[in-house]
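Architecture and fold: a report
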Amino acid sequence: MALPQQCEAAFGTADLYGVLGVRRGASPQEIRRGYHRASLRLHPDRVPPEQKEEATRRFQILGKVYAVLSDEKQRVVYDETGMVDEESEALQDGRDWLQYWQLLFKVTVKDIEDFQKSYKNSAEELADVKAAYLNFKGDMDRIMESVMCADYTDEPRIREMIEQAIDSGELPSFKAFVKESKQKMMSRRRRAEKEAKEAKKTKDELGLGGENDLQALIKSRSRDREKQMDNFFAQLEAKYGNGAKKGGKKTSAKKRKA
């Protein structure tokens, strides 16, 4: 099955740009960022065992999409014809897409902490919060999952950002947001607190230090700790795997300073 058809079956669209959630004229940095965000949502380590096979299949398709759109020549062919070179080395089934992802978005814990400090309360975060609010029509469960570097302690701050934007007329007033039940809020908080405790426990067991490399830790995890490690790295990747965005941000920041 050709890649566009695989995308149609897995994501409901045959458009490669649509799979990554980016526009057709997107810059290489925007395409990389789109791939990173989509891959974090679909990462096989973030799903229950019974869903892992399907998640891995979709993750592989996502990697192929990025391989095409990140290659200048292949992208031109796709833009002009709507077709991709299925025989290219990048699209061969033998490629380890998880390893490819890990190498592409290799970051250190210090990178994560530095990015988190610069991202929170920034104009970039505000723009992401507004976009998430619109995309998910005010559903705070999905907004909190999608906004980078956010945990349950950030919810009051993020909610205030949205409320101010609604009051100023920048955002519409979605019922899912303004009428959210206390029961749903508390359920979200309990889930987040439980995940935070599990992550801290695993981090303490691993002796994770500020200079440790996430890639090295992923490679060295043992079988008996696999579930704990999967949960831990899924949370790190979901919140801070924006090392890719951090890289993209550096590029755009340089342009602004130039």
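Keep in mind that this is a model prediction, so the values were computed, not measured.

**Regarding the packing of aromatic side chains**
Tallying each qualifying case throughout the model produces four aromatic pairs. Aromatic pair Tyr-17 and Tyr-78: ring centres 6.1 Å apart, planes at 40°, arrangement tilted. With a gap of 61 residues between them, Tyr-17 in helix H2 (residues 16-20) and Tyr-78 in helix H5 (residues 72-81) connect regions that are remote in the sequence. Tyr-17 gets classed as buried once you look at its relative accessible area, which sits at 0%. Ring geometry for Tyr-35 and Tyr-66: centres 4.5 Å apart, planes at 10°, overall stacked. Of this pair, Tyr-35 sits in helix H3 (residues 28-42) while Tyr-66 sits in helix H4 (residues 52-69); the two residues are 31 residues apart in sequence, bridging distant segments of the chain. Put simply, the rings of Tyr-133, Phe-174 and Phe-177 touch in pairs and so form one group of aromatic residues.

**Here's the deal with H4**
End to end, H4 covers 26 Å across 18 residues, agreeing with the expected 26 Å (1.5 Å per residue, within 8%). Within H4 the residues assigned to the buried category are Ala-55, Phe-59, Ile-61, Leu-62, Gly-63, Lys-64, Val-65, Tyr-66, Ala-67, Val-68 and Leu-69.

**Concerning the packing of helix H8 (residues 123-135) against helix H10 (residues 155-167)**
H10 packs onto H8 with a crossing angle of 75° between their chain directions and a minimal axis gap of 10 Å. It follows from the interaxial angle that H8 and H10 lie roughly perpendicular. Residues Glu-125, Leu-126, Val-129, Lys-130 and Tyr-133 of H8 touch H10, and the partners they reach there are Arg-157, Ile-158, Met-161, Ile-162, Ala-165 and Ile-166. Across the contact of H8 with H10, the residue classes break down as eight nonpolar, no polar and three charged.

**Description of the nonpolar core**
If you look at the biggest cluster of nonpolar residues, it comprises 28 residues, and the most contacted ones within it are Leu-3, Leu-16, Leu-20, Ile-31, Val-65, Val-68 and Leu-69. It is H4 that contributes the most residues to this core, eight residues altogether. The residues contacting Leu-20, other than those within four sequence positions of it, are Ile-31, Gly-34, Tyr-35, Leu-62, Val-65 and Leu-69. If you look at the next biggest cluster of nonpolar residues, it comprises 19 residues, including Ile-158, Ile-162, Leu-171 and Phe-174.

**Describing the confidence of the model for the protein**
Here the protein averages 75 in pLDDT, while 67% of its residues score no lower than 70. Confidence scores differ between elements of the protein, with helix H15 (residues 243-257) showing the lowest mean pLDDT of 38 and H10 the highest of 95. Across residues 208-236, confidence stays below pLDDT 50; counting only partners more than four residues off in sequence or on other chains, it has 52 contacts. Note that residues 239-258 has pLDDT below 50 and, in this model, 33 contacts with residues that lie over four places away or in other chains.

About the cut-offs
Throughout, a residue's number is its position along its own chain's written sequence, starting from 1. Only residues with pLDDT of at least 70 get local features here, since the model is predicted, and only at 80 or more are side-chain atom pairs given and counted; chain-wide, interface and lining totals rely on the full set of residues. To obtain the side-chain values, all non-hydrogen atoms of the structure were included, while hydrogens and water were left out. What counts as a ring pair is set by centres within 6.5 Å for rings of Phe, Tyr and Trp (its six-membered ring), and what kind of pair is set by the plane angle: stacked under 30 degrees, edge-to-face over 60, tilted for all other angles. Numbering of helices and strands runs from the N terminus, with a helix taken as a DSSP run of H or I at least four residues long and a strand as a DSSP run of E at least two residues long. With a 1.4 Å probe rolled over the protein chains alone, any residue whose accessible area is under 20% of its type maximum counts as buried; one over 50% counts as exposed, and the rest are partly exposed. Expected helix span is taken as 1.5 Å per residue step, with the number of steps being one fewer than the number of residues. Think of each axis as a best-fit line through the C-alpha atoms, taken over the contacting stretch in the case of a helix, with angles from 0 to 180 degrees between the N-to-C directions. In what follows, roughly perpendicular refers to angles from 65 to 115 degrees, roughly parallel to angles under 35, roughly antiparallel to angles over 145, and oblique to any angle outside these ranges. Every residue pair with non-hydrogen atoms within 4.5 Å of one another is taken to be in contact. Residues are grouped as follows: Ala, Val, Leu, Ile, Met, Phe, Trp, Tyr, Cys and Pro are nonpolar; Asp, Glu, Lys and Arg are charged; all remaining types, including Gly, are polar. Joining through side-chain atoms within 4.5 Å is the link that ties buried Ala, Val, Leu, Ile, Met, Phe, Trp, Tyr and Cys residues into a set, and such a set is a nonpolar core. You can read pLDDT as the predictor saying how much it trusts each residue, on a scale of 0 to 100.

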